[in-house]
Amino acid sequence: MLEGKIKDFDEITSFLGNYGPFQILIIVLLSLSAVPCGYMGVIVVFVSDTPEHHCKISINSTRNGTDVELPFQERGSSSSSSGSSWIGPDSCSRYKRSGNWTETVGLDNDTEQCLDGWVYSTERYTATVVSEWDLVCDNAWKVPFSTSSFFLGVLIGSFVSGHLSDRFGRKPVFYFTMVLQTVTALIQATSVSWVMFCILNCLRGLGQISNYIASLVLGSEILSQSARVSFTLLCHSLGFGIGYALLPLFAYFIRGWRMLLVATAIPGFLFIPTWWLIPESPRWLLQKGRVEEAELVIRNAAKMNRVPVPEVIFEAGECLEIMQNKGEEPQTYTYMDLIRTRNMRNITVLSVFIWMSTAIVFYGLSLNTSNLNGNVYLNCFISGAFDIVSYVASWLLINRAPRPTLLFSTLMFCGIMLLIIKLVPEDMHLMFQVLALLGKMGVSGAYCFTYVFATELIPTVVRNMGLGIGSTAARIGTIICPYVIYMGVYSKILPYIIFGTISIMAAVVGLFLPDTRNCKLPNLISQAKPIRGLCFSCNLKSCNSCPKETVTAHAGTTEEFKEMSKSAPC
């Protein structure tokens with residue numbers, strides 16, 4: 001009987017309503033907090049882009065007899081007036097000179113490395129980290145490595161933030177990581193070496209993902225079921241997408257990488273005063289046995305919404321298992337609880353694979369924007385706009401289709417679009433761009449939807465750890481992601497084939513997850529749902545149509561499975 005009561009947290013607090021002033025305030029503030037996370041995750045597109053370049057040379061000045069360094073010249077024909085092809089056959093070598101450099105004489109057919117460094121085009125950027133520290137030719141590997149250092153920080157943040165948030169609270173971790181992301185970006189703008197830049201990139205990644213996950217979980221646990229779906233899938237994702245779309249606007253007007261980091265860091269300071277507006281998660285407070293604080297949060301919300309409050313909100317009998325008994329040591333959950341039971345183990349393994357696959361495709365297509373033909377600023381903006389369209393479409397479909405079906409459809413659409421690129425002739429640049437952006441739109445819907453799905457699948461007591469471990473697995477893929485993109489130097493189509501294949505594999509795996517549509521958030525590990533397994537056509541309400549062996553595999557005993565079907569509408 002108690003087990004059923006535990007699932008009724010939303011019912012206990014239903015007197016607050018769904019979209020009162022309190023809920024709207026939480027939705028707006030936490031959605032705005034996702035804007036910096038949106039552009040901080042892909043700012044490397046502009047900060048670490050490689051401008052056109054050629055070997056640095058100097059010619060003798062007939063006026064004073066000194067060497068004068070030539071500015072960057074576009075590569076063209078062999079004549080000096082039309083380009084830099086007379087300097088060398090490519091951007092990493094130059095023709096040897098006999099005597100002083102001139103444009104037409106003194107050049108041998110033999111080549112040598114760029115002994116004096118490189119000259120970079122300033123048509124698109126005044127400076128990037130590539131031109132700052134000559135990360136080209138033999139040092140070109142440092143560019144994807146610096147990007148991977150960011151995702152290494154994201155990996156570490158995904159792993160540790162979940163445990164810290166479950167232990168110390170959603171709110172403290174949310175604000176600490178917000179400050180960490182902001183301050184690190186400011187310090188990174190003063191980097192004096194590539195090594196310093198990479199270390200700070202790692203710290204910035206740690207703050208970015210930790211802040212994003214903490215805000216997502218905090219909002220999901222404060223809001224009711226109806227508002228939670230709108231917040232997670234639409235508002236919070238829109239904040240991320242708007243941040244992504246704003247990035248090319250920042251970069252267009254600020255062409256230097258240092259000032260671009262400063263400009264994008266400043267908005268983070270604007271959220272610090274919201275500490276006094278956003279409360280701690282009442283679900284987390286109850287789980288820690290802090291009933292009075294949880295009731296205070298609900299009473300303040302009711303006061304803001306101008307609704308009457310019951311004299312006692314959380315009855316002892318209703319919340320006996322979700323909250324700790326007074327005088328008892330609070331129960332501590334660990335990452336081992338994510339694989340301790342069959343249902344949790346299945347959900348964790350499948351979720352890890354889907355998160356990894358979705359993240360590597362999403363960030364792979366996002367970071368590859370600068371390699372598409374056309375204007376990089378316009379391509380990045382269109383990619384962000386497509387993301388926003390995808391988030392809105394997913395929100396409209398979320399309650400009209402089963403969760404696994406929606407996940408399958410978006411990932412399969414992405415995979416098909418990317419694999420079709422193989423059939424497009426190389427000279428059809430527009431079609432190439434359209435298919436890549438359509439694929440990006442599909443995986444964007446799956447990426448934001450994955451957070452919603454995982455939040456509904458993982459119980460409250462280990463939710464942040466579960467989201468953290470799933471996000472950690474995803475970052476292992478995104479660390480490799482820049483090197484997959486780097487393969488485009490040798491075969492432009494190869495990264496898209498890899499991303500498309502991964503997307504289709506994840507789509508198939510997604511069909512095994514249980515549907516959580518119209519279900520209340522699980523609080524305890526015992527409430528984790530079984531995967532659909534061998535019985536895709538079986539609905540929990542009609543589980544008698546399944547073979548007994550299948551039912552038993554799902555939930556241990558037929559009686560337990562039937563009992564679950566009564567308590568869960570999905």
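Predicted model only: the values in this text are computed from it and were never measured.

The rules behind these values
- Residues numbered from 1 in each chain as written.
- Predicted model: local features only at pLDDT ≥ 70, side-chain atom pairs only at ≥ 80, totals over all residues.
- Heavy atoms only, no water.
- Helix = DSSP H or I, 4+ residues; strand = E, 2+ residues; numbered from the N terminus.
- Buried < 20%, exposed > 50% of the residue type's maximum accessible area, 1.4 Å probe, protein only.
- Contact = heavy atoms within 4.5 Å.
- Areas by Shrake-Rupley, 256 points an atom, 1.4 Å probe, with all protein chains shown as cover.
- Phe/Tyr/Trp six-rings, centres within 6.5 Å; stacked < 30°, edge-to-face > 60°.
- Lys NZ or Arg CZ within 6 Å of the ring centre and 35° of its normal.
- Axes fitted to C-alpha atoms, helices over the stretch in contact; angles between N-to-C directions.
- Parallel < 35°, antiparallel > 145°, perpendicular 65-115°, else oblique.
- Left-handed = near helix turned anticlockwise from the far one by under 90°.
- Nonpolar A, V, L, I, M, F, W, Y, C, P; charged D, E, K, R; others polar.
- Core = buried A, V, L, I, M, F, W, Y, C linked by side-chain atoms within 4.5 Å.
- Patch = residues over 30% accessible without salt bridge, like charges linked within 9 Å, V, L, I, M, F, W, Y side chains within 5 Å.
- Salt bridge = Lys/Arg side-chain N within 4 Å of Asp/Glu carboxyl O.

(A) View of the overall build of the protein chain. A tally of helices and strands in the protein chain yields 20 helices and six strands. Here the protein chain, with 570 residues, has 57% of them falling under the buried criterion. Long-range contacts, defined as pairs at least 24 residues apart, comprise 75% of the intrachain contacts of the protein chain with a sequence gap of at least 6. Accessible surface, the protein chain as shown: approximately 23,800 Å² in total, 63% of it carbon and sulfur.

(B) Broad picture of the packing of aromatic side chains. A complete count under the given rule lists 20 aromatic pairs for this structure. Both rings, one in Tyr 252 and one in Phe 253, keep their centres 5.2 Å apart while their planes meet at 90°; by these two values the pair is edge-to-face. Relative accessible area serves as the criterion here: at 63%, Phe 253 is assigned to the exposed category. Grouped by ring-pair contacts, the aromatic residues Phe 150, Phe 151, Tyr 212, Phe 240, Phe 362, Tyr 363 and Tyr 447 constitute a single cluster. Above the plane of the ring of Trp 194 lies Lys 142, whose end atom (NZ or CZ) is 5.0 Å from the centre. Looking at Arg 255, its charged tip hangs above the ring of Tyr 252, at a distance of 4.8 Å from the centre.

(C) The arrangement of unusual backbone geometry in detail. Look at Asp 134: it is not a glycine, yet its phi comes out positive at around 55°. Note that Asp 134 resides in the loop between helix H5 (129–133) and helix H6 (142–168). Look at Asp 134 and you get partly exposed, because its relative accessible area is 26%. Non-glycine residue Cys 137 carries a positive phi angle of around 55°.

(D) Spotlight on the packing of helix H3 (residues 21–40) against helix H9 (residues 225–253). Interaxial distance between H3 and H9 falls to 7 Å at its minimum, and their mutual angle equals 40°. Relative to H9, the element H3 lies oblique. In this structure, H3 meets H9 at a crossing whose hand is right-handed. In contact with Ile 27, Leu 30, Ser 31, Ala 34, Val 35, Cys 37, Gly 38 and Tyr 39 of H3, H9 contributes Phe 231, Cys 235, His 236, Gly 239, Phe 240, Gly 243, Tyr 244, Leu 246, Leu 247 and Phe 250. Taken together, the residues that form the contact of H3 with H9 break down as 13 nonpolar, five polar and no charged.

(E) Molecular detail of the nonpolar core. Judged by nonpolar contacts, the single largest core of 140 residues is most densely connected at Phe 46, Phe 314, Val 361, Val 462 and Phe 499. If one sorts the elements of this core by residue count, helix H16 (residues 429–457) sits on top with 13 residues. Discounting chain neighbours no more than four positions away, the residues touching Val 462 are Asp 166, Tyr 333, Thr 334, Asp 337, Leu 338, Met 344 and Ile 525.

(F) Structural context of a nonpolar patch on the surface. Taken together, Leu 152, Ile 156, Phe 159, Val 160, Leu 164 and Phe 168 make up a surface patch of nonpolar side chains, about 490 Å² in accessible area. In this fold, Phe 159 is placed in helix H6. Under the relative-accessibility criterion, Phe 159 is labelled partly exposed at 38%.

(G) Representation of the packing of helix H13 (residues 342–367) against helix H18 (residues 494–510) in the model. The geometry of H13 relative to H18 is characterised by a closest axis approach of 9 Å and an angle of 150° between their N-to-C directions. Judged by the angle between their axes, H13 and H18 are roughly antiparallel. Viewed along their axes, H13 and H18 form a crossing whose handedness is left-handed. Packed against H13, whose contacting residues are Leu 350, Phe 353, Ile 354, Ser 357, Ile 360, Val 361, Gly 364 and Leu 365, the element H18 presents Tyr 496, Phe 499, Ile 502, Ser 503, Met 505, Ala 506, Val 509 and Gly 510 at the interface. Tallied by class, the residues present in the contact of H13 with H18 amount to twelve nonpolar, four polar and no charged.

(H) Spatial organisation of the environment of Leu 418. Checked against the element boundaries, Leu 418 lands in helix H15 (residues 403–420). Residue class for Leu 418 comes out buried when judged on its relative accessible area of 0%. Considering only alpha carbons, one finds Leu 418 and Pro 495, 77 residues apart in sequence, at a separation of 9.4 Å. With sequence-adjacent residues up to four places away left out, Leu 418 is seen in contact with Val 361, Leu 365, Leu 435, Ala 436, Gly 439, Tyr 496, Phe 499 and Gly 500.

(I) Spotlight on the pattern of salt bridges. In this structure the tally under the stated criterion is eight salt bridges. Of the charged contacts, one joins Arg 170 and Glu 221 as a salt bridge, the two residues approaching to 2.8 Å between their closest N and O atoms. Placement of the pair is Arg 170 in helix H7 (residues 170–188) and Glu 221 in helix H8 (residues 194–222), with a sequence separation of 51 residues. Both residues of the pair, Arg 170 and Glu 221, count as buried. Between Asp 387 and Lys 440 there is a salt bridge whose closest N-O contact spans 2.8 Å. Of the two residues, Asp 387 is situated in helix H14 (residues 376–397) and Lys 440 in helix H16; the sequence distance between them amounts to 53 residues. With respect to burial, Asp 387 and Lys 440 carry one shared label: buried. Each member of the salt-bridge network shares a partner with another, and the members are Asp 166, Arg 170 and Glu 221.

(J) Inspection of the environment of Arg 228 at higher detail. Relative to the helices and strands, Arg 228 is located in helix H9. Take Arg 228: its relative accessible area is 3%, and that puts it in the buried class. For the pair formed by Arg 228 and Thr 455, sequence separation is 227 residues and the distance between their alpha carbons is 10.0 Å. Residue contacts for Arg 228: discarding those within four places in its chain leaves Asp 10, Ser 220, Leu 223, Arg 283, Cys 519 and Leu 521.

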